Every structure is written in C-alpha cells, then in structure tokens.
Amino acid sequence: GLLISGYNLKDKTANVTLFSINDQKVLHTWKPPIEKIHEGSPNFVTEYNLKKNYRMQHPLLLDNGDLVFSSGEGPLVKIDKCSNYIWSINRHFHHSIEKYNKKTIIAPLVLNTNLNKDYPILNHGFATINLQNGKIIDEFSIIKILETNNKIGLLYGVGEFEYDRIHLNDAEAIKQTDEFVQKGDIMLSSKHLSTVFLFRPKNNKIVWLKTGPWLNQHDVDYLGKGKFSIFGNDTFRYNKIKTHDVFLHKHNKIYIYNLQKDKIDTLYNKTMTEVKTPTQGLHKILDNGDLFIEDTDNFRLIRLSNKNKRWEYFNYLGDNKIGSIHWSRYLEEGNKFNWINNTGC
C-alpha cells in the first residue's frame, strides 16, 4: 500500500490517505486537527503551520492506526486513527520522521541552544523522541558533531558560508548490528554540504563520511552488508539564475555506496532518466529490487524496474488539477491494517 500525504481540495489542507495498490482504493484517511495543534504548540501558528499551507509531512503509521507527522517546518504531532489529537511538541521539526526503535522516533530539529558564534547560524540537528508521550529524550547539533570530529574544512572552508549551512534533511537509525554498522548508529544527510555520514552517538564519532558524487541529496537508507542507498538530486544552488537549482546530469540518480570496498555505483540509470525533482524527493528499494520514488516537485509517486516504469500515481484533485504531495511512504505487502476493521470513528 501507499501512505500518501497530499493536498485535499475539499478540506483546503493536506490529508493523509492509506491507498491499496492491489484494490486501487483509499482504505483510510486522516485529517490534521489544526486548532488543537495550534493550542498545543502556540509558537507555530503562521506560515507552514497555517491550515492552507499545512503539509502533514512524512507521516509515520503506527501499528494501531496512530499517525505521527509535522507541518514540514514546525511541531511534531501525533493523532489517533480517528484524527483525534494526542500530543504535539512545541519545537521546530522539519523533513524526515523515522523509527529509532519500538518506543522512540528520530527527526531533524532546529536546536534552541546557542552555539556561541560571532555570526548567525542555523543550528540544525536531530532529536530522539518518546513515541508514547511526545517528550524529547536527546538532541544533537550537526555543527557540533562536525566540529568535534574535526571536519572544519568541510564546514567552513568550502565556498561562501551560508546561514543554513547544514540543511539536514534525513536522520535514520541503524536497526541492527552487523560487521559494518552498530544498532543505534545514525545516518545523516546534509543537503547543503552534499554530504552523507554515519554517526555513532555513544562515542560521538563519525564512522564514515562522504561528500558527493551526489549533490544536494535527500534520503539515505541502509541496505545491509555495508551498502547504503542515497537519492541524489544532483543539482547545485546558483543565485545568478531564476530557478536557483541547476541540474548537473539532467535528472536524479540513485547511488549505492559500498562501505567495505569504498565504491560507489548508480542504480537503474536507464529508467531514472525521467525522475527530475530538483529540491526534494525520496526513494525506497523494494523487496524485489524495484525502486519506489517520490518525485515530489512534480507531484507524483512512481515505481520503476530496471527496464520500465511499472506505475505512477498523481494526487489528482479533479478539474484537471494535481495536488502537492509531502513525503509519502511505500508499505510492503506484509503490513497488516487490522485496526481499520474496528475504527469506530
């Protein structure tokens, strides 16, 4: 199935829908309780947190039908299967939301702590959060991690320094230990440094770090056996032209980094040529080897094999209109949605 966050014309805000690919129908819908979210997180009631701009970004579905999401630039929120408000965190979360373990989630966060710099800087980091009560357990600053691990040249020495230097867009935990990684390690993607790295919180060490060949990338996943996949937007930011985001290769690429061999390959070069999202995007390599992609800036979800496009999905609003989508998920066939049978909403 697909867990899709997208704009809904009738509600004039984003909804999340659980869509069955096999049955070609919507199984369940969640709506954001905007007023309750504003009450619980009074620091965030404008811009992206207004109803008309609200995104329900990167929804995380729990086993009982509860849903965790953010506005994309604001509080983390948990609602139940009937869209009733459970909690929100009055802090500035953004981009990805992932499970850390059964009881904890991990998400990028703008930190409130002062870095004691003589210049303004956006302190991007990530937090681990108790799923039950919405309390922050721990938070880490990417700038501090890079400084502590002596990556000063990368942080300050390349190009013109910018306020949003890091632009963290993905933080994902390693779920189990193998000969290459340890459970609890964190994969991190810094878009504006075109850098992906693996961080070990227990000793505050960077295990490995790679800048490029991906550019302005999103979404790093661990495939096991020392292999990582990375969604390369492969654009660079250039303020002398109107679009600002310039494609280096005319399209996006999926990179596979082999830690053991320190080798990088690209995946499905033939069918990836039609995926061209400059500023966002997600991917997942499915059990059979197919690729699921959210082509965010073009408002579509797509499944690719090595040879062809298997299907694509648009958030069709009727009247020849297509709605935006906000970081959807592909749920493998093994997911059981038993809670749907007794929602009682």
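Here the structure is a predicted model, which means the values were calculated and not measured.

A.B. asks: Lay out the sheet that holds strand β28 (residues 329–330) with the relevant residues and their values.
C.D. replies: Taken in spatial order, the 4 strands make up an open sheet running β3-β2-β1-β28, and their pairing is antiparallel. A strand with exactly one partner marks an edge of an open sheet, and here the two such strands are β3 (25–30) and β28. Two elements, strand β1 (residues 2–8) and strand β2 (residues 13–20), share 7 bridges in a ladder whose sense is antiparallel. By the bridge assignment, Tyr7 is partnered in β2 with Ala14.

A.B. asks: Account for the pattern of salt bridges, with residues named and values stated.
C.D. replies: For the structure shown, the criterion picks out 16 salt bridges. Between Arg91 and Glu139 there is a salt bridge, with the nearest N and O atoms lying 3.0 Å from each other. In this pair, Arg91 sits in strand β7 (residues 85–94) while Glu139 sits in strand β11 (residues 136–141), placing the two residues 48 residues apart along the sequence. When its relative accessible area of 14% is taken as the criterion, Arg91 is described as buried. By relative accessible area, Glu139 is classed as partly exposed at 28%.

A.B. asks: Please set out the pairing of strand β24 (residues 300–304) residue by residue, giving values where relevant.
C.D. replies: Extensive coverage of β24 is indicated by the burial of 5 of its 5 residues. Neither face of β24 is open: one carries Arg300, Ile302 and Leu304, the other Leu301 and Arg303, and all of them are buried. Alignment of strand β23 (residues 291–295) against β24, held across 5 bridges, turns out to be antiparallel. Note on β24: the bridge partner recorded for Phe292 is Arg303.

A.B. asks: Lay out the sheet that holds strand β14 (residues 195–200) in plain terms, naming residues and giving numbers.
C.D. replies: Strand order in the open sheet made by the 4 strands is β12-β13-β14-β15, with antiparallel pairing throughout. Two strands in the sheet have a free side with no partner beyond their single neighbour: β12 (168–173) and β15 (205–211). Taken over all neighbouring pairs, the strand axes of this sheet differ in orientation by 15° on average, direction set aside. As paired strands, β12 and strand β13 (residues 186–190) are joined by 5 bridges and run antiparallel to one another.

Reading guide: rules and limits
- All chains use their own residue numbering, which begins from 1 and follows the written sequence.
- Predicted model: local features are reported for residues with pLDDT of at least 70 only, side-chain atom pairs are reported and counted for 80 or more only, and whole-chain, interface and lining totals are derived from all residues.
- Side-chain calculation: all heavy atoms of the structure are included, whereas hydrogens and water are not.
- Being paired, for any two strands, means DSSP has found at least two bridges between them.
- Note on conventions: DSSP H or I runs of at least 4 residues are helices, E runs of at least 2 residues are strands, and numbering of each starts at the N terminus.
- The working definition used for a salt bridge is a side-chain nitrogen of Lys or Arg within 4 Å of a carboxyl oxygen of Asp or Glu.
- With a 1.4 Å probe rolled over the protein chains alone, any residue whose accessible area is under 20% of its type maximum counts as buried; one over 50% counts as exposed, and the rest are partly exposed.
- Here, axes are lines fitted to C-alpha atoms. For helices the fit covers the stretch in contact, and angles between N-to-C directions go from 0 to 180 degrees.

Purely geometric numbers; function is a separate question.
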